[in-house]
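Single-letter residue listing:
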Amino acid sequence: MAKGLSKYRSLVEALGLRQVDVYRVRRGEREQELVRLYDPASGKVILVDLGTVRESLSLEEYLDRVLEAAGKHGIRVSDKRLQTVRAQIKGG
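Residues numbered from 1 in each chain as written. Predicted model: local features only at pLDDT ≥ 70, side-chain atom pairs only at ≥ 80, totals over all residues. Heavy atoms only, no water.

Draft legend 1. The pattern of salt bridges, seen in detail. Counted by the stated rule, this structure contains 10 salt bridges. For Asp-49, the salt bridge is made with Arg-27, and the minimal N-O distance between the two is 3.1 Å. Within this pair, whereas Asp-49 is found in strand β3 (residues 44–49), its partner Arg-27 is found in strand β1 (residues 18–27), the two being separated by 22 residues in sequence. The exposure class of Asp-49 is partly exposed, given its relative accessible area of 41%. The network of salt bridges with common partners includes Arg-24, Arg-26, Glu-31, Glu-33, Arg-54 and Glu-55. (Salt bridge = Lys/Arg side-chain N within 4 Å of Asp/Glu carboxyl O. Helix = DSSP H or I, 4+ residues; strand = E, 2+ residues; numbered from the N terminus. Buried < 20%, exposed > 50% of the residue type's maximum accessible area, 1.4 Å probe, protein only.)

Draft legend 2. Broad picture of the nonpolar core. Of all hydrophobic cores here, the largest spans 22 residues; its most connected members are Leu-11, Leu-15, Leu-37 and Tyr-62. Going through the elements one at a time, α1 (6–14), β2 (30–39), β3, α2 (59–72) and α3 (79–91) are the ones with two or more residues in this core. Per-element tally for this core: the top contributor is α2, with 6 residues. When sequence neighbours within four positions are dropped, the list of residues in contact with Leu-37 reads Val-12, Leu-17, Arg-18, Gln-19, Val-20, Lys-44, Val-45, Ile-46, Val-48 and Val-66. (Core = buried A, V, L, I, M, F, W, Y, C linked by side-chain atoms within 4.5 Å. Contact = heavy atoms within 4.5 Å.)

Draft legend 3. Quick peek at the sheet that holds β1. Within the open sheet, the 3 strands sit side by side as β1-β2-β3. Their pairing is antiparallel. A strand with exactly one partner marks an edge of an open sheet, and here the two such strands are β1 and β3. Strand after strand, the sheet turns through a mean of 20° between neighbouring axes, direction not considered. Summarising the sheet, β1 and β2 pair through 9 bridges and their orientation is antiparallel. Residue pairing in the sheet places Tyr-23 in a bridge with Leu-34 of β2. Seen against the sheet, α2 touches β1, β2 and β3 and runs at an angle of roughly 135° to β3. (Pairing = 2+ DSSP bridges. Axes fitted to C-alpha atoms, helices over the stretch in contact; angles between N-to-C directions.)

Okay, here's the thing in structure tokens:
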């Protein structure tokens with residue numbers, strides 16, 4: 001996996017999605033990030049509300065939030081890709 005914030009982009013790309021952009025917004029006293037992802041297979045663009053900033057999430061937590069949002073929008077990630085990504089995360 002890549003370094004810094006690019007590791008989150010790399011994770012998304014490993015799932016077969018593309019990171020369009022990231023918005024950091026302030027809600028009350030807290031900053032949160034909204035990530036827009038594009039699924040080339042379906043042509044859909046989805047919005048993932050992380051509820052916090054990316055760097056405060058582990059890669060597994062980030063992956064879970066991306067998969068949850070993708071599932072809500074009918075985007076399916078193949079089990080093989082998901083297994084490969086999870087192995088990369090655990091391997092460091």
